[in-house]
Amino acid sequence: MTDKERAGKIYRILRKHYPEAKCSLVNIDPTQFLFSNILSPQTTDVTVNRVVMEIWKKYGDAESLMNAKLTDLEKIVKPAGMYRMKSKRIKASARILMEEFGGVLPGELENLRKFPGIARKTSLVILTEVFNKIEGIIIDTHNIRIAQRLGLTTNKGADAIEKDLMKLLPRTAWKMWSHTMVFHGRALCTARKPRCADCPVRKLCEYGKQEELRVEPAGE
Ligand code: SF4
């Protein structure tokens, strides 16, 4: 079996296993979603969703946020961690949005990267979820770890891993591959100890096959 065939099989099996897989950041308004992505490092999606709703309740739009008093904003952002940096980024992004884009979130990768705190991964999240444009594979820590364990990449960096996966998977699978891996990484293929014995793709996984060999048969 080629790696392409193996990746396709893994994708189909895990998609069936996690039919509920999707982006867990609330996406009601494009601008709000931009701020959610600025808030998201080093915290949970549940906290991001709560904090961004509070920001929205107080300010309501990018123009008000651009003029917000930094210390007031910091109080709301605090539960999401790194609140000084995130508050500054939100204010600066609100200004860029208003002054460069007339208050309308741009739908191009190069423009999204003008916002502080929005790198390639988060730009792809916004393009995918807000604009339904699939221009790459979103690679987070779950995606890195699982692609390496599956033996679909020997690379360590996110950009190189993304390129490897883009060669193995059809574009139609790029979006749901990322979401599915996040669910798989939380449920079975966890960072601390993967539960290979319960994994539906064990026989297609390099690490899983090695793990099988390490487990001694009962009675020996
Ligand atoms: S077999 Fe183990 S390492 Fe491989 S994907 Fe499943 S849980 Fe992860």
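Draft legend 1. Region of interest: the site of the ligand. Close to the ligand lie Arg149, Leu150, His184, Cys189, Pro194, Cys196, Cys199, Arg202, Cys205, Tyr207 and Gly208, which account for all nearby residues. With respect to the detected pockets, the ligand is housed in the largest cavity. Contributions of two or more residues to the shell around the ligand are made by α9 (141–150) and α12 (206–214). Looking at side-chain class alone, the shell around the ligand contains 7 nonpolar, 2 polar and 2 charged residues.

Draft legend 2. Quick look at the pattern of salt bridges. For the coordinates displayed, the defined rule picks out 7 salt bridges. The shortest N-O distance in the salt bridge between Asp198 and Arg195 comes to 3.2 Å. Take Asp198: its relative accessible area is 47%, and that puts it in the partly exposed class. The class for Arg195 is partly exposed, based on a relative accessible area of 44%.

Draft legend 3. Quick peek at the packing of aromatic side chains. If you walk through the whole model with that rule in mind, you get 3 aromatic pairs. An angle of 50° between the planes, with centres 6.0 Å apart, marks the rings of Phe35 and Trp56 as tilted. With Phe35 in helix α2 (residues 30–39) and Trp56 in helix α3 (residues 45–59), the pair connects residues that are 21 residues apart, well separated along the chain. An identical accessibility class is assigned to Phe35 and Trp56; each is buried. Here Arg149 stacks its cationic end above the ring of Tyr207, 5.5 Å away from the centre of that ring.

Draft legend 4. Representation of the side chain of Glu162 within the structure. Its location among the elements puts Glu162 in helix α10 (residues 158–168). Overall, Glu162 belongs to the buried group, its relative accessible area being 5%. A polar atom in the side chain of Glu162 sits 2.8 Å from the side chain of Arg120. Among residues more than four places away in sequence, those in contact with Glu162 are Arg120, Leu124, Gly136, Ile137 and Ile139.

Draft legend 5. Highlighting the packing of α2 against helix α8 (residues 120–131). Contact geometry of α2 with α8 gives a least axis separation of 10 Å together with a crossing angle of 150°. In this view, α2 runs roughly antiparallel relative to α8, as classed from their interaxial angle. As for how α2 packs across α8, the hand of that crossing is right-handed. For the pair α2 and α8, contact is made by Pro30, Phe33, Leu34 and Asn37 and by Thr122, Val125, Ile126, Glu129 and Val130, respectively. A breakdown of the residues in the contact of α2 with α8 according to their chemical character gives 6 nonpolar, 2 polar and 1 charged.

Draft legend 6. Fine view of the nonpolar core. Formed by 37 residues in total, the largest nonpolar core has its most connected members in Leu34, Phe35, Leu39, Ile55, Leu65, Ile90 and Phe115. Sorting the residues of this core by element identifies α2, α3, α4 (62–66), α5 (70–77), α6 (83–101), α7 (109–112) and α8 as the ones contributing at least two each. Beyond its immediate sequence surroundings of up to four residues, Leu39 is in contact with Val48, Val51, Val52, Ile55, Val77, Ala80, Lys86 and Ile90. Judged by nonpolar contacts, the second largest core, of 30 residues, contains Ala7, Ile137, Phe183 and Leu188.

Draft legend 7. Highlighting the packing of α2 against α6. One can describe the packing of α2 onto α6 by two numbers: an axis separation of 10 Å at closest approach and a directional angle of 150°. On the basis of their axis angle, the class for α2 and α6 is roughly antiparallel. When the axes of α2 and α6 are compared, the crossing they make is right-handed. Within the contact between the two elements, α2 uses Thr31, Leu34, Phe35, Ile38 and Leu39 and α6 uses Lys86, Arg89, Ile90, Ser93, Ala94 and Leu97.

Draft legend 8. Region of interest: empty space enclosed by the protein. Within this structure, the stated rule accounts for 1 cavity of 30 Å³ or more. Looking at the largest cavity, its volume works out to about 120 Å³. As for the largest cavity, its lining consists of 15 residues, of which His184, Cys189, Cys196, Cys199 and Cys205 are closest to the centre. Elements with a minimum of two residues in the lining of the largest cavity: α9 and α12. For the lining of the largest cavity, the element with the most residues is α9, which contributes 3 residues. Here the lining of the largest cavity is composed, by residue class, of 10 nonpolar, 2 polar and 3 charged.

Here is what the cut-offs are and how they apply
Residues numbered from 1 in each chain as written. Predicted model: local features only at pLDDT ≥ 70, side-chain atom pairs only at ≥ 80, totals over all residues. Heavy atoms only, no water. Near = heavy atom within 4 Å. 1 Å grid on protein atoms, 1.4 Å probe; cavity = no way out; pocket = protein on both sides within 12 Å on 5 of 7 lines; lining within 4 Å. Sits in = over half its atoms within 2 Å of the grid points. Helix = DSSP H or I, 4+ residues; strand = E, 2+ residues; numbered from the N terminus. Nonpolar A, V, L, I, M, F, W, Y, C, P; charged D, E, K, R; others polar. Salt bridge = Lys/Arg side-chain N within 4 Å of Asp/Glu carboxyl O. Buried < 20%, exposed > 50% of the residue type's maximum accessible area, 1.4 Å probe, protein only. Phe/Tyr/Trp six-rings, centres within 6.5 Å; stacked < 30°, edge-to-face > 60°. Lys NZ or Arg CZ within 6 Å of the ring centre and 35° of its normal. Polar contact = N/O pair within 3.5 Å; in protein donor to acceptor, adjacent residues only side chain to side chain. Contact = heavy atoms within 4.5 Å. Axes fitted to C-alpha atoms, helices over the stretch in contact; angles between N-to-C directions. Parallel < 35°, antiparallel > 145°, perpendicular 65-115°, else oblique. Left-handed = near helix turned anticlockwise from the far one by under 90°. Core = buried A, V, L, I, M, F, W, Y, C linked by side-chain atoms within 4.5 Å. Points joined across faces, edges and corners; volume = space filled by probe spheres on them.

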